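As a plain string of letters, each chain reads:
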Amino acid sequence: MHYINDDIFYLIAEQLHQHRGSLSRVSQCCRRFRRLSMALLFDRCTVRRFKSPQEPPPAIRPYVKHVTYFWGVYHTAYLKDPTHGMDGFGTELLYLPSVYSIAFDDHDVPWEVLQRCLTLRPSITNIAFRHESKFSTVSSLPEDRSVPASSILEEFSYPTSLLALFPRETRPEWLIQKRTALERSCLFSLIPGTDKTARKLQLPIGCAPLKQMAEKDWPSMRSLVLEGEFPRGDNPQQLCTGLSKVLPRMPGLRSLVVRAAVPQRTCGRISILGNLSPLLPSFSDLQSLSITYPDPHDAIFSLKAPRLVKLSIRDWPRHYELRRVQGYRRLWRSPVLSASEMLSGLRRMSTPNLTSLELVYIADGADDELLRHIIGAFPCLKHLELHRYRRPEGEHVDYVCQVSSESDRFARDD
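Note that the structure is predicted; figures quoted are calculated from it, not measured. (Residues numbered from 1 in each chain as written. Predicted model: local features only at pLDDT ≥ 70, side-chain atom pairs only at ≥ 80, totals over all residues. Heavy atoms only, no water.)

Attention now goes to the overall build of the chain. Regarding its fold elements, the chain presents 15 helices and 16 strands. Long-range pairs, those at least 24 residues apart, make up 72% of the contacts in the chain between residues at least 6 apart in sequence. Accessible surface for the chain amounts to roughly 20800 Å². Of this, 51% is attributable to carbon and sulfur atoms. (Helix = DSSP H or I, 4+ residues; strand = E, 2+ residues; numbered from the N terminus. Contact = heavy atoms within 4.5 Å. Areas by Shrake-Rupley, 256 points an atom, 1.4 Å probe, with all protein chains shown as cover.)

In structure tokens, the structure reads:
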């Protein structure tokens, strides 16, 4: 064991760290292994809200980089003021000089909590909300919403899943509007100030401050994820008008995801850049694009993205889930593109380096032509995922055999 040099041991330790308890057992073999394992063993720690504040052990303080706050949903569910008893909250950050990432797990997060974390440890660059964590609606939003260190944030994740949207049938509309307004206010106070340093943002599309973001340049932005559900009663084509102004401000963008459910009582499909865009932005670094229910006439299909390798034109939630789950059908609709519409959009794209393609469409008379176009337009394709929904009842198409035969014919023509 003493003949293993440090670099080799670090590689082994990284693999062992992925399996719970493995690295801990190896670190007990000798003092040298223990010393070399410390940085990985104690890079993460969890702080539980319902316990009294404690100072972290001095031996692990230099190694902790990620802190997860957890105190359970019951804590804020039964308190009128979730900030009650927060006098000692966050004091552990004063003893952890290497912390740059915090996460909130399984609870409502009062705005004051986020303020305190960034005040006590201004070096924090990553913030994540996990497992349905949201900004708390129990207490009202304070007038002072200043965030001292928001200008150095690099990553911010505020995901919205189907599980979070589905229970809205059982909630009063006023509560839904209250949460939406609160999230919009919190994100408005936090996100626009990160324009110089932000690299990854994951935001709810109905609350994202796109208008304010469009007023600034985002030179460091690499990944933008907008998901959730479009506001009810609006036209989806009007909801993404801010995107047409935001995206040109992100010249270094590498990954763009627009994944949102379309509520009932809305019309049209999703417009990202608009149908008429005389001056299209050039995304020379864009490598991955995933969009749901795009308008086939949208300018997103005319983007100049020579490095695009992954393209997904899909549904959300899945079309078969909408047809199977009655609760989904009451909430959302699925305006999936037809094969003809999909073909018209793909024909306008110039992405010869595409290696992965996912398409969701409804069959019509252009099925065969669509498959032929895929084979001819994307010669580097390695992964193809098709979700083809039948229009006439009882129709059966063996598209695996169909794609194989078209591919063989294309190879012979070459």
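On the surface, Ile8, Leu11 and Ile12 cluster together to form a nonpolar patch covering roughly 260 Å² of accessible area. Counting through the fold element by element, Ile12 comes out in helix α1 (residues 6–16). (Patch = residues over 30% accessible without salt bridge, like charges linked within 9 Å, V, L, I, M, F, W, Y side chains within 5 Å. Salt bridge = Lys/Arg side-chain N within 4 Å of Asp/Glu carboxyl O.)

Judged by nonpolar contacts, the single largest core of 95 residues is most densely connected at Phe104, Ile127, Phe156 and Leu201. Leaving out residues up to four positions away in the same chain, Phe104 has contacts with Tyr69, Val109, Val113, Leu114, Cys117, Ile127, Ala128, Phe129, Arg130 and Ser133. With six residues, the next largest nonpolar core counts Phe9, Leu23, Cys30 and Phe33 among its residues. (Core = buried A, V, L, I, M, F, W, Y, C linked by side-chain atoms within 4.5 Å. Buried < 20%, exposed > 50% of the residue type's maximum accessible area, 1.4 Å probe, protein only.)

The next subject is the pattern of salt bridges. Inspection of every chain in the model, using the stated rule, returns 14 salt bridges. For Glu227, the salt bridge is made with Arg259, and the minimal N-O distance between the two is 2.7 Å. Taken as a pair, Glu227 in strand β9 (residues 223–229) and Arg259 in strand β10 (residues 255–263) lie far apart in primary sequence, 32 residues in all. Salt-bridge contacts for Arg318 lead to Glu385; the nearest nitrogen and oxygen are separated by 3.9 Å.

Once that is clear, we can look at the packing of aromatic side chains. Scanning all chains against the criterion turns up 10 aromatic pairs. Note on Phe129 and Phe135: the rings are 5.1 Å apart at their centroids and 55° apart in plane angle, and the pair reads as tilted. Their ring planes at 5° and their centres at 6.4 Å tell us that Phe156 and Tyr158 sit as a pair that is stacked. Among the aromatic residues, ring-to-ring pairing joins Tyr69, Phe104, Trp111, Phe129, Phe135, Phe156 and Tyr158 into one connected group. (Phe/Tyr/Trp six-rings, centres within 6.5 Å; stacked < 30°, edge-to-face > 60°.)

With that out of the way, let us pick up empty space enclosed by the protein. For the coordinates displayed, the defined rule picks out two cavities of 30 Å³ or more. Computed from the structure, the second largest cavity encloses a volume of approximately 30 Å³. What lines the second largest cavity is simply Tyr293, Pro294, Ile313, Arg314, Asp315, Val336, Leu337, Met342 and Val360. Split into classes, the residues belonging to the lining of the second largest cavity amount to seven nonpolar, no polar and two charged. (1 Å grid on protein atoms, 1.4 Å probe; cavity = no way out; pocket = protein on both sides within 12 Å on 5 of 7 lines; lining within 4 Å. Points joined across faces, edges and corners; volume = space filled by probe spheres on them. Nonpolar A, V, L, I, M, F, W, Y, C, P; charged D, E, K, R; others polar.)

Another aspect to go through is unusual backbone geometry. Put simply, Trp316 and Pro317 share a cis peptide bond, and its omega is -5°. Inspection of the secondary structure assignment puts Pro317 in the loop between β12 (310–314) and α11 (319–324). Residues other than glycine seldom take positive phi values, yet Tyr293 does so here, at roughly 50°. Secondary-structure assignment places Tyr293 in the loop between β11 (288–292) and β12.

Counting buried residues in strand β5 (residues 126–130) gives four out of five residues, a clear majority hidden from the surface. The sheet contact formed by strand β3 (residues 101–105) and β5 spans five bridges and is parallel. Residue pairing in the sheet places Ala103 in a bridge with Ala128 of β5. Two elements, β5 and strand β7 (residues 155–157), share three bridges in a ladder whose sense is parallel. Considered in β7, the bridge of Ala128 is made with Ser157. (Pairing = 2+ DSSP bridges.)

A few words on the side chain of Ser157. Relative to the helices and strands, Ser157 resides in strand β7. In this structure Ser157 touches Ile127, Ala128, Phe129 and Gln202, once residues within four positions along its chain are discounted.

Turning our attention to the packing of α1 against helix α3 (residues 31–41). Put simply, α1 and α3 touch, their axes get as near as 10 Å, and they point 55° apart. Classified by the angle between their axes, α1 and α3 sit oblique to one another. The two elements α1 and α3 meet at a crossing, and its hand is right-handed. Counting all contacts with α1, which are made through Asp6, Phe9, Tyr10, Ala13 and Glu14, the residues of α3 involved are Arg32, Phe33, Leu36, Ser37 and Leu40. A class-by-class count of the residues in the contact of α1 with α3 yields six nonpolar, one polar and three charged. (Axes fitted to C-alpha atoms, helices over the stretch in contact; angles between N-to-C directions. Parallel < 35°, antiparallel > 145°, perpendicular 65-115°, else oblique. Left-handed = near helix turned anticlockwise from the far one by under 90°.)

The next thing to look at is the state of the cysteines. Tallied over the full model, the rule gives zero disulfides. Not engaged in a disulfide, the cysteine Cys207 finds its nearest cysteine sulfur in Cys186; these two sulfurs lie 9.9 Å apart. Taking relative accessible area as the criterion, Cys207 reaches 5% and is therefore assigned buried. (Disulfide = S-S within 2.5 Å.)

To continue, consider the side chain of Ser334. Tracing the backbone through its elements, the reader meets Ser334 in the loop between β13 (332–333) and β14 (337–338). Within the local environment of Ser334, its side chain forms a polar contact with the side chain of His319, the two groups lying 2.9 Å apart. Ignoring anything within four residues of it in the chain, the contact list for Ser334 reads Tyr293, Asp315, His319 and Leu322. (Polar contact = N/O pair within 3.5 Å; in protein donor to acceptor, adjacent residues only side chain to side chain.)

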